[in-house]
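Residue-level listing of the chains:
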Amino acid sequence: QVQLVESGGGLVQAGDSLRLSCAASGGAFSRYNMGWFRQAPGKEREFVTVNTWRSVGNTIYADSVKGRFTISRDNAKSTVYLQMNSQKSEDTAVYYCVASSRVRVSLRPEDYEYWGQGTQVTVSS
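Treat the numbers as computed from the prediction; the structure is a model and nothing was measured. (Residues numbered from 1 in each chain as written. Predicted model: local features only at pLDDT ≥ 70, side-chain atom pairs only at ≥ 80, totals over all residues. Heavy atoms only, no water.)

### Here's the deal with the overall build of the protein
Looking only at helices and strands, one finds zero helices and eleven strands in the protein. Secondary structure elements in the protein, listed N-terminal to C-terminal, are β-β-β-β-β-β-β-β-β-β-β. A principal-axis box enclosing the C-alpha atoms of the protein has dimensions of 40 × 25 × 25 Å. In the protein, which comprises 125 residues, the proportion classed as buried is 42%. When contacts within the protein are restricted to residue pairs at least 6 apart in sequence, long-range pairs at least 24 apart make up 58% of them. With 14 positive and 11 negative side-chain charges, the protein shows a separation of 6 Å between the mean positions of the two kinds. (Helix = DSSP H or I, 4+ residues; strand = E, 2+ residues; numbered from the N terminus. Buried < 20%, exposed > 50% of the residue type's maximum accessible area, 1.4 Å probe, protein only. Contact = heavy atoms within 4.5 Å. Lys, Arg positive; Asp, Glu negative; His and termini not counted. Charge placed at Lys NZ, Arg CZ, Asp CG, Glu CD.)

Structure, rendered in C-alpha cells:
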C-alpha cells in the first residue's frame, strides 16, 4: 500500500511561483507513474501532469499548465515535485498527488490507485 503526503500549498499572488512536494512510502516508488490532479470548487478533478517510470523523461502536461508547470521526481527520496510558475487565478484548486502502477499512462483519475490527501493552492489576483 502506497501512502502519499503532499506539502507546499498556500496563498500566492498571480504571477508568483510555488513548489509542491509529495513524499511517497510503502511501495516501489521508482516503478510508479507519478502525477498531479487538481480540483477547483464546483468542478471535477482535472489532470495536471504525469511522469512515467518506464520511459525516462516521459512527461505529459495539460494544455492549461504547459510551459508554466514542471513535474520532477527524485527516486532516491521517493518524492515528486510540482513547480508552478506564472500562476493564474484559475490555478486555484486542491492539488492531489497520485500514483499508478499501470503500464499504460493515463489522464483519467480512475486509473490512479493511490491519492494523497490534497493541498490547497490559492492564487489571488
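Back to the text.
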